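# Structural features, examined
Next come the chains, spelled out residue by residue.
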4 protein chains.
Amino acid sequence: MSQNQATYTAPSKNQSLDIVNVYDLEQQASQIIPKGGFDYIAGGAGDEYTLDQNITSFNQKRILPRVLADVENPDTRTTLFGSELPSPIIMAPIAAHGLAHESREVGTAKGVSDYGTILSISTYTGSELSETSKVMGDTPKWFQLYMSKDNEVNKAIIDDAKADGATAIVLTADATVMGNREKDKLNQFVFPFDMPIVSRYLRGFIEDRALNNIYLESKQKINTDDVRFIAEYSDMPVIVKGIQAPEDAIKAIDAGAAGIWVSNHGGRQLDGAPGSFETLALISEAVSKRVPIIFDSGIRRGEHIFKALAMGADCVAIGRPVLYGLALGGAKGVTSVFEYFENDLKRVMQLAGTQTVEDIKKTALV
Amino acid sequence: MSQNQATYTAPSKNQSLDIVNVYDLEQQASQIIPKGGFDYIAGGAGDEYTLDQNITSFNQKRILPRVLADVENPDTRTTLFGSELPSPIIMAPIAAHGLAHESREVGTAKGVSDYGTILSISTYTGSELSETSKVMGDTPKWFQLYMSKDNEVNKAIIDDAKADGATAIVLTADATVMGNREKDKLNQFVFPFDMPIVSRYLRGFIEDRALNNIYLESKQKINTDDVRFIAEYSDMPVIVKGIQAPEDAIKAIDAGAAGIWVSNHGGRQLDGAPGSFETLALISEAVSKRVPIIFDSGIRRGEHIFKALAMGADCVAIGRPVLYGLALGGAKGVTSVFEYFENDLKRVMQLAGTQTVEDIKKTALV
Amino acid sequence: MSQNQATYTAPSKNQSLDIVNVYDLEQQASQIIPKGGFDYIAGGAGDEYTLDQNITSFNQKRILPRVLADVENPDTRTTLFGSELPSPIIMAPIAAHGLAHESREVGTAKGVSDYGTILSISTYTGSELSETSKVMGDTPKWFQLYMSKDNEVNKAIIDDAKADGATAIVLTADATVMGNREKDKLNQFVFPFDMPIVSRYLRGFIEDRALNNIYLESKQKINTDDVRFIAEYSDMPVIVKGIQAPEDAIKAIDAGAAGIWVSNHGGRQLDGAPGSFETLALISEAVSKRVPIIFDSGIRRGEHIFKALAMGADCVAIGRPVLYGLALGGAKGVTSVFEYFENDLKRVMQLAGTQTVEDIKKTALV
Amino acid sequence: MSQNQATYTAPSKNQSLDIVNVYDLEQQASQIIPKGGFDYIAGGAGDEYTLDQNITSFNQKRILPRVLADVENPDTRTTLFGSELPSPIIMAPIAAHGLAHESREVGTAKGVSDYGTILSISTYTGSELSETSKVMGDTPKWFQLYMSKDNEVNKAIIDDAKADGATAIVLTADATVMGNREKDKLNQFVFPFDMPIVSRYLRGFIEDRALNNIYLESKQKINTDDVRFIAEYSDMPVIVKGIQAPEDAIKAIDAGAAGIWVSNHGGRQLDGAPGSFETLALISEAVSKRVPIIFDSGIRRGEHIFKALAMGADCVAIGRPVLYGLALGGAKGVTSVFEYFENDLKRVMQLAGTQTVEDIKKTALV
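Residues numbered from 1 in each chain as written. Chains lettered and ligands numbered in written order. Predicted model: local features only at pLDDT ≥ 70, side-chain atom pairs only at ≥ 80, totals over all residues. Heavy atoms only, no water.

### Some thoughts on the overall build of chain A
The secondary structure content of chain A amounts to 16 helices and 10 strands. Scaling as 2.2 N^0.38, a compact globule of 366 residues should have a C-alpha radius of gyration of about 21 Å, and chain A matches this with 19 Å. Here chain A holds 366 residues, and 67% of them are scored as buried. Restricting to contacts in chain A with at least 6 residues of sequence separation, those with at least 24 account for 74%. When the accessible surface of chain A is split by element, carbon and sulfur atoms take 47% of a total near 12300 Å². Side-chain charges of chain A comprise 36 positive and 47 negative groups, with the mean position of each set lying 1 Å from the other. (Helix = DSSP H or I, 4+ residues; strand = E, 2+ residues; numbered from the N terminus. Rg over C-alpha atoms; globule rule 2.2 N^0.38 Å. Buried < 20%, exposed > 50% of the residue type's maximum accessible area, 1.4 Å probe, protein only. Contact = heavy atoms within 4.5 Å. Areas by Shrake-Rupley, 256 points an atom, 1.4 Å probe, with all protein chains shown as cover. Lys, Arg positive; Asp, Glu negative; His and termini not counted. Charge placed at Lys NZ, Arg CZ, Asp CG, Glu CD.)

### Description of the confidence of the model for chain A
Of all residues in chain A, 97% attain a pLDDT of 70 or more, and the chain-wide mean is 95. Two summary scores accompany this predicted model of the complex, namely pTM at 0.95 and ipTM at 0.94. (pLDDT = per-residue confidence, 0-100.)

### Brief notes about the interface of chain A and chain B
On the chain B side, the residues contacting the 28 residues of chain A number 38 residues. For the chain A and chain B pair, buried surface summed over both sides reaches about 2800 Å², with 55% attributable to carbon and sulfur atoms. If you sort the residues of chain A by the area they bury against chain B, R62, V67 and L68 of chain A come out on top, with a joint share of 27%. Across the chain A-chain B interface, the total number found is five salt bridges. K221 of chain B is the partner of D70 of chain A in a salt bridge, and the nearest nitrogen-oxygen pair spans 3.8 Å. Where chain A touches chain B, the interface holds 15 residue pairs in polar contact (both at pLDDT 80 or more). Elements represented by at least two residues in the side of chain A that touches chain B include exactly α2 (22–32), α14 (302–310) and α15 (320–352) of chain A. Of the residues forming the side of chain A that touches chain B, the biggest block, six residues, is contributed by α15 of chain A. Considered class by class, the residues forming the side of chain A that touches chain B number 14 nonpolar, three polar and 11 charged. (Buried area = accessible area lost by both parts, 1.4 Å probe. Salt bridge = Lys/Arg side-chain N within 4 Å of Asp/Glu carboxyl O. Polar contact = N/O pair within 3.5 Å; in protein donor to acceptor, adjacent residues only side chain to side chain. Nonpolar A, V, L, I, M, F, W, Y, C, P; charged D, E, K, R; others polar.)

### What to know about the pairing of strand β8 (residues 259–262) of chain A
All names here are of chain A. Side-chain alternation along β8 places G259 and W261 on one buried face and I260 and V262 on a second face that is also buried. One ladder, built from four bridges, connects strand β7 (residues 238–243) with β8; its direction is parallel. Looking at β8, one finds that V240 is bridged to I260. Once the chain exits β7 it traverses helix α12 (residues 246–254) before rejoining the sheet at β8, and the crossover so formed is right-handed. In this sheet, strand β9 (residues 293–295) lies alongside β8 in parallel orientation, the contact comprising three bridges. Note on β9: the bridge partner recorded for I260 is I293. Regarding the hand of the β-α-β motif, the stretch spanning β8, helix α13 (residues 276–287) and β9 is right-handed. (Pairing = 2+ DSSP bridges. Right-handed = clockwise from strand over helix to strand, strands pointing away.)

### Quick look at the interface of chain C and chain D
Contact with chain C, which involves 28 residues of that partner, is made by 37 residues of chain D. The largest per-residue losses of area from chain C upon contact with chain D belong to R62, V67 and L68 of chain C, which jointly make up 27% of the total buried on that side. Summed over the shared surface of chain C and chain D, the number is five salt bridges. The salt bridge involving E182 of chain D is made with R301 of chain C; its shortest N-O contact spans 2.8 Å. Taken together, the connections running from chain C to chain D amount to 14 residue pairs in polar contact (both at pLDDT 80 or more). Of all the elements in the fold, those that place two or more residues in the side of chain C that touches chain D are α2 (22–32), α14 (302–310) and α15 (320–352) of chain C. When residues in the side of chain C that touches chain D are grouped by element, the largest group, six residues, is from α15 of chain C. A per-class count over the side of chain C that touches chain D returns 14 nonpolar, three polar and 11 charged.

### Quick word on the UniProt feature "binding site: glyoxylate" (unreviewed entry) in chain A
Residue and element names in this part refer to chain A. Feature annotation in UniProt places "binding site: glyoxylate" (unreviewed entry) on Y40, Y146, R181, S263, H265 and R268, given in this structure's numbering. Within the element layout of this structure, R181 appears in the loop between β6 (168–172) and α8 (182–187). Those residues in contact with R181 that sit more than four places away from it in its chain are Y40, G44, H265, R268 and Q269. Along the chain, S263 falls in the loop between β8 and α13. Look at S263 and you get buried, because its relative accessible area is 0%. Contacts of S263, omitting those with residues within four sequence positions, involve D174, K241, G242, I243, Q244, S276, D296 and S297. Looking at S263, its side chain comes within polar contact range of the main-chain nitrogen of H265, at 2.8 Å. (UniProt positions renumbered as here; feature names shortened; annotations may be inferred.)

Following this line, the structure appears as structure tokens:
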């Protein structure tokens, strides 16, 4: 046990949450997650221009209420890569859930599974894959891969994911170097605990668990060959995550990507980039329904989900809000967050006059 | 008498008000209306983006002063559905006036009647229709309907309104579920008194008077058949309220609506919608003078009334400002609010070089 | 002597000022002018949207520095209606200078005259015309007329102005009713002293000197006949002040106006109107150099003067800044304000690469 | 030794800096540089609108992350006028480094030289040219000329620069009069020490070292003849600095300029001008690769460098950040600032998917 592990005390409650909104949730979470951990989770890169833009850019498009639309009890169910989901909302991959709650990824997995949607597990998970799988039952899980420079390592990690029952590989392509997270620098943040996959395969990390060391053995030169390699080796659908340019979407699909994940890593990588929502329209046009589009970065309300779907996404992923729910309520808190978003989306669907997820996708924003 | 009723003490003064502006009025009202009630009246949905946009979007269009226009003593009188009004300003339907003043809707009715314009009475009135009618003399009144799932209930309510002498039915179409009013959630707000029509016909409400229960028996699937049904059954003009999309305006008129009420429910329903003023131009074009347009959501100054009329409205409705006047001065305060708006509009008309309401409608904003 | 006169103590220093900028000047003036007087001078109408817009709208156009323009010692001299002026900066008409300084309009007249530019004297002057004339020598002066409903009164006032040596009549057309000055309402502001012309001809004012009473006998129905009447009766150039619409400029010129004064009365009349600078381009195009254009409302820096001239004005008028200078330094302070603006304009001319006022007028903003 | 010299105590530490961002660096520097000096360095002209716009206007263009670009260890090296540089970042000319650190320009020269990029030395240097040269080895240096009215003085200064080994002359054309630096006025700022070249050739300065006196003997009428004269007399490349208009760029090149330096003098000259970044696109188009473009005014992050290069600059110059580094760490602090920017640019290059400086130049911003 390291020194940090001894002093970092993550929250431990397990309870359902009565969520008013995600901003309050964040505020409450900031009171109980130790500062270094909270800043790591909540912070963005540089001026946090892109982080802010992720949320505020949703106001560039507005939903026109439709009031004679003959809608009742809107239906949020949808299907993604063959999985039937209660709503077009899945769990984004995010590192080190143990910063938020002592149950680590196990708590998240339980909460996501109880809700019934897809969990994306990060290479930087703080729990062993087998631990999270144990609590998930049949809920589908995707494995998010940060590539190593060494393809043998990549194969080994994919083998582990496959053995654990992952149904898709999410290739994170937008984090080949660490973003400029100034809060982490000021906090001199290091992870207060080990991350099993990282420790097993990326040895530079073991010594001090500093953020920069994660990237020492990680691959920078990601290209379409990597997409092909992972698709072939894993024999699973590969979803390329971090797409912000239409050209990259086309390249990825041409190389065999089964899905496009539009994301700017929650504003944590390249500051000065557009809000993720701003990039969706052109990417959706380029993808032209050939593969599903998953969208993240900035979802805080049902209105945001509605707008993302209306602009071309097939589903959205949420990250930070789930960790805040995990911090405040463990697995039960996680479920509460997903239920909050589903209910909020239903309310928006009713007021916007849309009965189904397909109806949302046909809606023109103004 | 319920527990809440015992502890909620609404203001009770009856006095004319010297109004500087509505923002000050709101500030003063917030000092004397109990917090739960004030937040219910003043609050909006979600981020209150749309609530703010309702007011600030008026600045997207500006009035060019015309100074050689040969204008004197501008005339604000107008005619609406055959009623001659002192100004193009009517009372919007709004629930539970008793939150603002112990005289409840009776106080408002007296004040509106003394001013001489149309009163819209809500299904969620806290006074019996007969009580308000008693103080109104010949002043025209409209009845605003929240539909029940059960058409027999709807018929019974329309019968009541007709018996009471209503001259039009305002069908509220934009509130089929409750908006996301976070302040009410935080306040755990329940109505501190009974609402006669609701209690009589919507039984779910009786038990705890919580906001959500109002919607349990209310109709979600509103469509053009409902417009037709109400028009036929009531044999009164039906004005469809909550229109924000040109397509809905056309559908409503084609189904027999006698008027279009452009409104986003004061920013209380779908947050992320445009400011109501922003939707007026296209709706006005779609309506093309076939029926009158009533506009609400955001009117705080004579300039706003002028701009709404110049963009295509035939009259405007005010809601929150009237309840603030009611809180501060009872019936007399209500009259003061209407007189304030009329005088403010006259000043704007003089400075803009417009002699009549028709002149305003011909004015091009810049 | 009235009660107010006894208690209102205006500043009395006479000294040159070292001006850093006009915002600081305003701040300093607010410390020594009694609150009622300061708010009357500094305030605008309604939300003060237009007041703010007057200043901020200058940023809609930017000056591109020209650095190889072969310019030295820029020359600000210009000619207006035959008067040679040290700069294209004149004194705007403004009521009741006695609010700012015990020397009243006499102090302003002395300061303006020492600088050498045109003084516009208001109908609402607090000094007799003969008093101000005594200190002005040959400096040209214009008389600003607020019309009475009674043309005999108008003739008498014009006779007085003519007898006093005025060289032009400025017809204020944009103040037929009082703007919505909320600060004055809150302060229950009345003028603390008599205004000779008003008292002599507009009797309603005498009793209580309240703002509203000024307008009781003033003319609302101003039209092109009035322009013709004043031009003929006075046999002086008539400049129509308060023009914001191109159509009004054309009407005024067609009726014999010798000049167009673009102004929104310093944001004191119709709030919700554009910034005055925003209206200049279209008016300048409509006027098409047939008569000179004077511009006011929002000038606080040399950059603003430069931009107004580049957009089509022939000269600018300043008002509030002069009263602040008067308050802080009497006649000498007034001269300092004009010198400050001239020097600031020279600096801008040098950096923008313009040698003369004509060069400014030929400059394209970006 | 003058009185000021006795009392102005500049910082004196020599240490490497761990820089989080330049805004923090500025904040820290403001704590140790005496107020008069700090305000002189940090301040801008007038409302500081242009100063702010210099930074915020970078957000008008955004970088689209490219994630399948096959990039690793991006290469920031570039060549400028034959000098091989570690990055497209050079030192802008800036007056009186002694305000920031007791080592004066000698400290900056050492730090810049250790980093290995070009130093621009100002006519207003506080160190003798020979002192700075001594610590620089072979690092290329440019001499920035403020022209005197007297061409014999200009020749003498150029002779000195040439004797010192300068490889280019930077002609500052945008500072023919002092900008409106209000903080300096309020501080009654005078330079607390002599500046050798100024004192030797511009005698008005000697007496009181006030800012205005610097400009008494400096040349205002700068035109293309001056460009020709300096190019011929010096027989060095002449780079014209302060270009904001495409027309000036063309004039300068036609007169023999070897480079165009796009700058608005850090927002210190003409307030109300566009942000420097906003002018780059049109100038780049006008220059059309005939000569290199150097860009300054507003660079605070690697993102800004990337954007400037993508919009047409060949390299950027930094000024204020270097002086803050000098204040906090002397020569070592200066080197740290350049290393910070290079690393930040590398991070941006990696995330934007660009391997080389040429790749950046081919990138389209959105």
